[in-house]
Amino acid sequence: MNTENKPWAGRFTEETDAFVETFTASIEFDKRLAPFDIAGSIAHATMLGHIGLLSDKECKAIVQGLEGILEDIERDDFHWTAELEDVHMNIEARLINRIGDAGKKLHTGRSRNDQVATDVRLFLRSEIDLISAELQRLQSALLGLAEREADAIMPGLTHLQVAQPITFGHHMMAWYEMLKRDGERLADCRKRVNIMPLGAAALAGTSYALDRDLTAKLLGFSVPAANSLDAVSDRDFAIEFASCASLTMMHLSRFSEELILWSSGQFGFIDLPDAFCTGSSIMPQKKNPDVPELVRGKTGRVFGSLFALLTLMKSQPLAYNKDNQEDKEPLFDTVDTLKHCLRAFADMMPHVRPNRSAMVAAAKKGYATATDLADYLVRKGVAFRDAHEIVGKAVRLGLDTQRDLSEISLAELQKFSPSIESDVFAILTLEGSVTARDLFGGTAPKRVREAARLARAELQGAKKS
Ligand code: ARG
């Protein structure tokens, strides 16, 4: 392809191979960075004007030209071309085309290397803010469910077997805690994203006395990057984001797995809203939990992107290498996947209805209060190991005669241990069991309500910060 349009054509004598031109171009995907590229260029030009490297007139022409280009792009009235390789050169060429010679001065003291690193950071910072908002919306939905279902009893499971009774609200608060940590990680990651590469130029910095603090301030970056080589070459901030995203997706995938199990005919613990399910083209009775299944499935691509980014980085010598162009697609896909999965969950969760009677029936069937009976015997002076043995025998009787522990008569229970008295029935009920777990972090409805109240205040605080 003809090199004459290319800004770097000067030292070349041969044309670019046609396939190589498309092979090396990133425009198909990096045009998504256009608003950030333009914001970065406006700040750079403003700073160049401020330090006298551009006249006021030139600076104004550049800023207005870039604003006009942004409008064109938003109106979808911009011809992107692979001949100009990437978003940076497409926009710069259009600027020169639009305002003439002043446009040729924009790239003073800048390289595409610090430019692209800046664009990706600005993009990711804005996406982190959107993702955090979705995360908080989901956290708030979980708190709503926890408050509403603070006393809805369900079987708590270990090894997927009935273990001890818990409340549905307590279970929702467990998910809340996981997401809270995800939000904290994301906020921490944002701090390292919000550092400005501009001024690093190609790799060594620049001989112009750029006011990097001013550019950083104009773009809302906390500080300019402290080392020019590092600034243009590392993508650890993107990898860190992908690892935060992977953890969140891992959590969402676990929630999904539970929702899928719970909504199955075998469990019947919850009803998923119709609007979030689909039917089968052949089996008329089916209502499939598509949203959680897709979220569980999409987790794989986010993990994959994390590995793509780690592998992309691992063998690169300093400073910038073209390898880094490969950071965009996995990063964009991670951002979109995470944001959409959180959105679907935040929209769906407020409409999830637990089926209280099915959950109670399942808890009863599984002898969920067996530990409570053992604890009762310990309080009456029996050693825990002996108590364990006694309760095991009582459970055996229950299994043989198809009764819950609370349905076995006092006389029968006393055959296993004379320490059992009529007050035992208060602790053999599911309500008695959950109410007794009344300590910080426990499943007692009172504690769940308190945890949800504290979490609400915390979430309000996180939203403000
Ligand atoms: N499209 C390139 C990227 O995404 C921009 C930087 C190009 N720099 C260079 N020296 N070729 O990384």
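Residues numbered from 1 in each chain as written. Predicted model: local features only at pLDDT ≥ 70, side-chain atom pairs only at ≥ 80, totals over all residues. Heavy atoms only, no water.

## Considering the overall build of the protein chain
From N to C terminus, the protein chain includes 19 helices and six strands. Radius of gyration (C-alpha) of the protein chain: 31 Å, far over the 23 Å computed for a compact globule of 465 residues. Referenced to the eigenvectors of the C-alpha coordinate spread, the extents of the protein chain come out at roughly 100 × 50 × 40 Å. With 465 residues in all, the protein chain has 48% of them scored as buried. Within the protein chain, contacts between residues separated by at least 24 positions form 73% of all contacts whose residues are at least 6 apart in sequence. Only carbon and sulfur atoms are counted for the fraction: they give 54% of the accessible area of the protein chain, which is about 22300 Å². (Helix = DSSP H or I, 4+ residues; strand = E, 2+ residues; numbered from the N terminus. Rg over C-alpha atoms; globule rule 2.2 N^0.38 Å. Buried < 20%, exposed > 50% of the residue type's maximum accessible area, 1.4 Å probe, protein only. Contact = heavy atoms within 4.5 Å. Areas by Shrake-Rupley, 256 points an atom, 1.4 Å probe, with all protein chains shown as cover.)

## Topic: the site of the ligand
The local shell around the ligand consists of S26, D30, D86, H88, R112, N113, V116, Y320, Q325 and K328. Measuring from a nitrogen atom of the ligand, one finds a side-chain N or O atom of S26 at 3.3 Å. Residue D86 places a side-chain N or O atom 3.1 Å away from a nitrogen atom belonging to the ligand. Here the ligand, which alone exposes 340 Å², has 86% of that area covered by the protein. The element contributing the most residues to the shell around the ligand is helix 6 (residues 112–148), with three residues. Here the residues of the shell around the ligand are counted per class, giving two nonpolar, four polar and four charged. (Near = heavy atom within 4 Å. Polar contact = N/O pair within 3.5 Å; in protein donor to acceptor, adjacent residues only side chain to side chain. Nonpolar A, V, L, I, M, F, W, Y, C, P; charged D, E, K, R; others polar.)

## Observations concerning the pattern of salt bridges
Under the criterion given, the structure shown has 43 salt bridges. Ionic pairing is found between R192 and E240, a salt bridge with its closest N-O pair at 2.6 Å. One end of the pair, R192, is in helix 7 (residues 168–193); the other, E240, is in helix 10 (residues 236–262), with 48 residues separating them in the sequence. Relative accessible area serves as the criterion here: at 37%, R192 is assigned to the partly exposed category. (Salt bridge = Lys/Arg side-chain N within 4 Å of Asp/Glu carboxyl O.)

## Looking at the pairing of strand 1 (residues 153–158)
Two strands pair when backbone bridges link them, and strand 1 and strand 2 (residues 161–167) are joined in this way by six bridges, in the antiparallel orientation. Pairing of T158 across the sheet is with Q161, part of strand 2. Following strand 1, the chain reverses through two residues before pairing antiparallel with strand 2; H159 in that reversal takes a positive phi of roughly 55°. (Pairing = 2+ DSSP bridges.)

## Focus: the packing of helix 6 against helix 7
In contact at an axis separation of 9 Å, helix 6 and helix 7 are set at 165° when each is read in the N-to-C sense. What the angle tells us is that helix 6 and helix 7 run roughly antiparallel. Two packed elements cross with a definite hand, and for helix 6 against helix 7 that hand is left-handed. Here the contact of helix 6 with helix 7 is built from residues that sort into 18 nonpolar, four polar and seven charged. (Axes fitted to C-alpha atoms, helices over the stretch in contact; angles between N-to-C directions. Parallel < 35°, antiparallel > 145°, perpendicular 65-115°, else oblique. Left-handed = near helix turned anticlockwise from the far one by under 90°.)

## Things to note about the packing of helix 14 (residues 370–379) against helix 15 (residues 384–401)
Think of two packed helices as two axes; the pair is described by the angle between the axes and how far apart they sit. Interaxial distance between helix 14 and helix 15 falls to 9 Å at its minimum, and their mutual angle equals 135°. Relative to helix 15, the element helix 14 lies oblique. Here helix 14 runs over helix 15; the crossing is right-handed. Contact residues: A370, L373, A374, D375, L377 and V378 in helix 14; F384, A387, I390, V391, A394 and V395 in helix 15. Looking at the contact of helix 14 with helix 15 residue by residue, the class counts come to 11 nonpolar, no polar and one charged.

## Side note on the environment of P7
Note that P7 resides in the segment before helix 1 (18–24). Classification of P7 as exposed rests on a relative accessible area of 54%. Put simply, P7 and F276 are 269 residues apart on the chain and 50 Å apart in space, counted from C-alpha to C-alpha. Aside from chain neighbours lying at most four places away, what touches P7 is L84 and M89.

## Observations concerning the packing of aromatic side chains
Enumeration according to the criterion identifies 10 aromatic pairs in this entry. When the ring of W175 is compared with that of W262, the centres are 5.7 Å apart and the planes differ by 15°; the resulting orientation is stacked. Of this pair, W175 sits in helix 7 while W262 sits in helix 10, placing them 87 residues apart in sequence. Pair check on accessibility: W175 and W262 agree, each one buried. Seen in terms of ring centroids, F255 and F345 are 6.2 Å apart; in terms of plane orientation they differ by 50°. Their pairing is tilted. With F255 in helix 10 and F345 in helix 12 (residues 328–348), this residue pair connects regions lying 90 residues apart in the sequence. Members of the aromatic cluster, connected to one another through ring pairs, are F168, W175, F255, W262 and F345. (Phe/Tyr/Trp six-rings, centres within 6.5 Å; stacked < 30°, edge-to-face > 60°.)

Purely geometric stuff here, so don't read any function into it on its own.
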